[in-house]
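# Chains, contacts and geometry: an overview
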Amino acid sequence: MQLSLRSQQQKNTEFMNRIFTFLLLQSVCLGALLAQPNRRTQDESTLPGKRSELNVRNATYPRLLPGNRIEFKIKAPDAQKVQIDLGRKYDLVRNTNGEWSCITDSLTQGFHYYFLIINGVSVADPASESFYGCSMMASGVEIPYPDGDTRFHIADVPHGDIRIKRYFSKTANSWRRMFVYCPPGYDTSTQSYPVLYLQHGGGEDERGWSNQGRTDIIMDNLIAKGKAEPMIIVMTDGNTNDFENELLKECIPFIEKNFRVKANRNNRALAGLSMGGIQTLNAGIPNLDYFAYLGVFSSGWWANPTPFGGGNDTEKYYKMLQNKKDDYNTKLKQFWISMGGKEDIAYNNCQIMMKRFDQIGIKYTYFETPGGHTWPVWRESLYQFEIGRASCR
């Protein structure tokens, strides 16, 4: 009886702790939106720097400071500990008004995920727009590019648009969704276009390249400068147990039925970042009759048995390359690999993979830019991949 009573008391305590944490998070969310630091009722000239472009309406924090630093300020008088997770965790300091604040180190230009950590619980910041990444809804900050670098910012050029299309997949036996970029003038022309199938990374989905990657802005600017050919870009959901069949039997037929695309390998490309890079390798190498261009961003086959089980199953792909080396070198107009420097978590696997390519005699182009395993690297990769692809056509 005592054990039963003690067990019930423990359950009651755990339940009350959950209720307290929920109420605290609700208070933090309300405080972030209604507290004085985060409302644009203040004269902004009295505040440091400028508000982040990804802040929700009326939120004055986070703020961009000189030197590409970010200042965070959160109203959470009942919290015991508040942190910001930007890949590196920063401890916020509480003032007498119950406001928690910190200033980060200098960040690289471009998009960065971040989370609030309240008493050890990671949550999205209600003062920021939300982005699906790291397998949950995250917050984001955008660090401006240097003056004059307009590649990743909206410009006064003709604009295409991104369309959301739903389709029923027999492979997955479920309804699925894709995002499709159509170039400027698509609706007023009758021409057919080349197509790129562009894959997101692990913990993300079909929204990633559109929202975090700014695919439409990148392509609009490239096309306007004559550095890329107008094209269709298809951003599919790579979270599937059978990506190869989902792509070949579902996505490609759907696109070729519903959009004016050139339905042949010479006008079809496949590229992806991280997990999407591995999917590009795994679907592109066995299907040379489908794709003439492959792009692998911040990725590479696992050098050792994969952490997902199945042993080191990449050897079958190396054997395909070895057995038909001349075909791959002739038929692949572009085999393009990029990496975010030595700090990129995929760097070692990629280097080992490229050494195997060198031993076999497979031709490829390698591009490296600093930034690690982040969206600034992947935006740059898409930009450079498309410039390179235009020169190969």
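Before reading further, recall that the structure is shown in the block above.
Residues numbered from 1 in each chain as written. Predicted model: local features only at pLDDT ≥ 70, side-chain atom pairs only at ≥ 80, totals over all residues. Heavy atoms only, no water.

## Some details on the side chain of Thr-369
With respect to the helices and strands, Thr-369 occurs in the loop between strand S19 (365-368) and helix H9 (375-392). You can call Thr-369 buried: its relative accessible area is 15%. Once you skip the residues sitting within four places of it in the chain, Thr-369 turns out to touch Met-339, Gly-340, Gly-341, Val-377 and Glu-380. (Helix = DSSP H or I, 4+ residues; strand = E, 2+ residues; numbered from the N terminus. Buried < 20%, exposed > 50% of the residue type's maximum accessible area, 1.4 Å probe, protein only. Contact = heavy atoms within 4.5 Å.)

## Some points on the pattern of salt bridges
Using the criterion set out here, one finds 15 salt bridges in the structure. Its salt-bridge partner being Asp-205, residue Arg-207 comes within 2.7 Å of it at the nearest N-O pair. For Arg-207, a relative accessible area of 24% puts it in the partly exposed group. Among the ionic pairs, Arg-268 bridges to Glu-256, the shortest N-O distance being 2.7 Å. In this pair, Arg-268 is assigned in strand S16 (residues 268-273) and Glu-256 in helix H4 (residues 243-258), connecting sequence segments 12 residues apart. The exposure class of Arg-268 is buried, given its relative accessible area of 6%. Residue classification places Glu-256 among the partly exposed residues on the basis of a relative accessible area of 29%. Taken together, the shared-partner salt bridges in this structure form one network comprising Glu-53, Glu-142, Arg-214 and Arg-379. (Salt bridge = Lys/Arg side-chain N within 4 Å of Asp/Glu carboxyl O.)

## Re the packing of aromatic side chains
Evaluated as defined, the whole model comprises 23 aromatic pairs. Consider the rings of Phe-111 and Phe-131, whose centres lie 4.8 Å apart with planes at 70 degrees: the pair is edge-to-face. Of this pair, Phe-111 sits in strand S8 (residues 110-118) while Phe-131 sits in strand S10 (residues 130-133), placing them 20 residues apart in sequence. Residue Phe-111 shares its accessibility class with Phe-131, and that shared class is buried. Note on Trp-301 and Phe-357: the rings are 6.2 Å apart at their centroids and 80 degrees apart in plane angle, and the pair reads as edge-to-face. Here Trp-301 is found in the loop between strand S17 (293-297) and helix H6 (315-323), whereas its partner Phe-357 is found in helix H8 (residues 347-360), with 56 residues between them in sequence. Note on accessibility: Trp-301 and Phe-357 belong to one class, buried. One aromatic cluster is present, formed by Trp-209, Phe-297, Trp-336, Phe-367, Trp-375, Trp-378 and Phe-385 through successive ring pairs. (Phe/Tyr/Trp six-rings, centres within 6.5 Å; stacked < 30°, edge-to-face > 60°.)

Everything listed here is a matter of coordinates, which is why it stays silent on function.
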